Amino acid sequence: MRQPYVAGNWKMYKTVAEAVSLATELADGLKHSRNKLMVAPPFTALSAVGAALTGSGILLGAQNMAAELEGAHTGEISVRMLKDLGVRVVIIGHSERRHVYHESDELINQKVRLALTEGMEVILCVGETLDEREAGEVERVVGTQLQAGLSGVELGSLEQVTIAYEPVWAIGTGKTATPADADAVHQYIRRWFSETYGSDTALSMIVQYGGSVKPGNIAALMNMENIDGALVGGASLKAETFLPISRFND
Ligand code: PEP
């Protein structure tokens with residue numbers, strides 16, 4: 001059985017005090033959860049949020065990391081610095097990194113391999129733009145992102161990997177893919193894993209959906225056979241929305 005996995009990406013929101021306040025509410029409200037849970041605050045709040053989450057079972061995540069271990073890389077954060085703060089999971093290849101900061105599949109792959117070698121869990125984000133969807137290219141785009149993002153990743157490391165399918169046109173727009181549309185892409189992702197790594201791996205991979213997930217649509221999404229969780233942006237910024245999403249199966 002695949003354990004449901006709900007993760008919150010706080011993006012570039014929240015001061016340290018605001019982040020701690022939210023983390024404290026979540027730690028309190030999700031103590032008894034049977035789901036896997038993670039929150040990714042901004043770098044500046046990692047340490048304080050990590051302390052607020054102690055004992056809660058909610059994993060501390062980061063939103064990005066450098067592709068190199070150390071060196072002259074002004075403004076970058078190394079995976080070892082993240083581990084030092086208790087970070088267990090890193091989001092790699094988010095559409096904002098791909099499309100706004102022009103991260104290539106090659107750079108994303110370098111980050112994925114470095115994170116895995118360093119013992120970090122990875123959420124690898126994939127997803128098509130609206131133009132690509134309208135051109136009937138969803139599977140080609142998602143397949144290429146998987147192939148390139150996981151190039152050189154051994155079967156044994158896949159336990160550390162979660163895939164987040166996030167159609168770019170659904171992120172922060174209020175437009176959610178219908179559960180059936182999302183499930184069709186999740187099914188394709190599972191087929192890709194089956195062809196690349198074998199059917200046992202395909203069945204065990206956790207594939208999250210992301211794109212305007214809210215308390216009102218999480219249950220229908222999670223009802224689909226191939227959707228195992230959610231990567232949540234906007235609705236992860238308030239306890240009143242992230243708590244019901246995280247507790248969708250209570
Ligand atoms: C995200 O940023 O990963 C995301 C899915 O955002 P939102 O939930 O706001 O669409």
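Residues numbered from 1 in each chain as written. Predicted model: local features only at pLDDT ≥ 70, side-chain atom pairs only at ≥ 80, totals over all residues. Heavy atoms only, no water.

Before going further, it helps to spend a moment on the pairing of strand S3 (residues 59–62). Along S3, one buried face is formed by Leu59 and Gly61 and the opposite face, lined by Leu60 and Ala62, is buried too. Once the chain exits strand S2 (residues 36–40) it traverses helix H2 (residues 46–53) before rejoining the sheet at S3, and the crossover so formed is right-handed. Sheet topology note: the S3/strand S4 (residues 89–92) ladder contains two bridges and is parallel. Looking at S4, one finds that Ala62 is bridged to Val90. Read from S3 through helix H3 (residues 79–84) to S4, the crossover connection turns out right-handed. (Buried < 20%, exposed > 50% of the residue type's maximum accessible area, 1.4 Å probe, protein only. Helix = DSSP H or I, 4+ residues; strand = E, 2+ residues; numbered from the N terminus. Right-handed = clockwise from strand over helix to strand, strands pointing away. Pairing = 2+ DSSP bridges.)

The subject of this paragraph is empty space enclosed by the protein. Using the criterion set out here, one finds one cavity of 30 Å³ or more in the structure. Looking at the largest cavity, its volume works out to about 30 Å³. Together, Gly93, Ser95, Arg98, His99, Cys125, Val126, Gly127, Glu166 and Val168 line the largest cavity. Among the elements of the structure, helix H4 (95–100) and strand S5 (121–126) are those that each provide at least two residues to the lining of the largest cavity. Broken down by element, the residue count for the lining of the largest cavity peaks at three residues, all from H4. Here the lining of the largest cavity is built from residues that sort into three nonpolar, four polar and two charged. (1 Å grid on protein atoms, 1.4 Å probe; cavity = no way out; pocket = protein on both sides within 12 Å on 5 of 7 lines; lining within 4 Å. Points joined across faces, edges and corners; volume = space filled by probe spheres on them. Nonpolar A, V, L, I, M, F, W, Y, C, P; charged D, E, K, R; others polar.)

Moving on, we come to the site of the ligand. With respect to spatial proximity, 14 residues lie near the ligand, and among them Lys11, Glu166, Gly172, Ser212 and Gly234 are the closest. Between an oxygen atom of the ligand and a side-chain N or O atom of Glu166, the distance comes to 2.7 Å. Its residues assigned to classes, the shell around the ligand comprises four nonpolar, eight polar and two charged. (Near = heavy atom within 4 Å. Polar contact = N/O pair within 3.5 Å; in protein donor to acceptor, adjacent residues only side chain to side chain.)

Moving on, we get to the pairing of strand S8 (residues 229–232). By the alternation rule, side chains of S8 split into Gly229 and Leu231 and Ala230 and Val232, which are all buried. Pairing between strand S1 (residues 5–9) and S8: four bridges, direction parallel. From the neighbouring strand, Val6 faces S8, where its bridge partner is Ala230. Relative to S8, strand S7 (residues 207–209) runs parallel, the two being bridged by two bridges. By the bridge assignment, Tyr209 is partnered in S8 with Ala230.

Below, the discussion takes up unusual backbone geometry. The residue Lys11 is not glycine, and still its phi comes out positive at about 50°. Positionally, Lys11 belongs in the loop between S1 and helix H1 (16–29). The phi angle at Lys14 is positive, at roughly 90°, despite the residue not being glycine. Mapped onto the secondary structure, Lys14 falls in the loop between S1 and H1.

Glancing now at helix H11 (residues 239–246). Of all the residues in H11, the buried ones are Ala239, Phe242, Leu243, Ile245 and Ser246. Projected down its long axis, H11 carries its buried residues within an arc of 165°, all on one side. Next to the buried residues of H11 lie S1, H1, S2, helix H10 (218–222) and S8. (Arc of directions from axis to C-beta. Contact = heavy atoms within 4.5 Å.)

The next subject is helix H8 (residues 179–197). Each α-helix turn comprises 3.6 residues. Residues three or four places apart therefore point the same way. Across its 19 residues, H8 extends 26 Å between first and last C-alpha, which sits within 8% of the 27 Å expected from 1.5 Å per residue. All buried positions along H8 are accounted for by Ala182, Asp183, Val185, His186, Tyr188, Ile189, Arg190, Trp192, Phe193 and Tyr197. Following H8 by one or two positions, Gly198 adopts a phi angle in the positive range, close to 110°. (Expected span 1.5 Å × (residues − 1).)

This part covers the packing of aromatic side chains. In this structure the tally under the stated criterion is four aromatic pairs. Aromatic pair Trp192 and Tyr197: ring centres 6.2 Å apart, planes at 65°, arrangement edge-to-face. We classify Trp192 as buried; its relative accessible area is 7%. Taken together through their ring pairs, the aromatic side chains of Trp192, Phe193 and Tyr197 make up a single cluster. Above the ring of Tyr5, the side-chain terminus of Lys36 is found at 4.6 Å from the ring centroid. (Phe/Tyr/Trp six-rings, centres within 6.5 Å; stacked < 30°, edge-to-face > 60°. Lys NZ or Arg CZ within 6 Å of the ring centre and 35° of its normal.)

One can find Asn249 in the segment after H11. A polar contact of 2.9 Å, which involves the side chain of Asn249, links it to the side chain of Asn35. Leave out the neighbours within four places in its chain, and Asn249 touches Pro4, Arg34 and Asn35.

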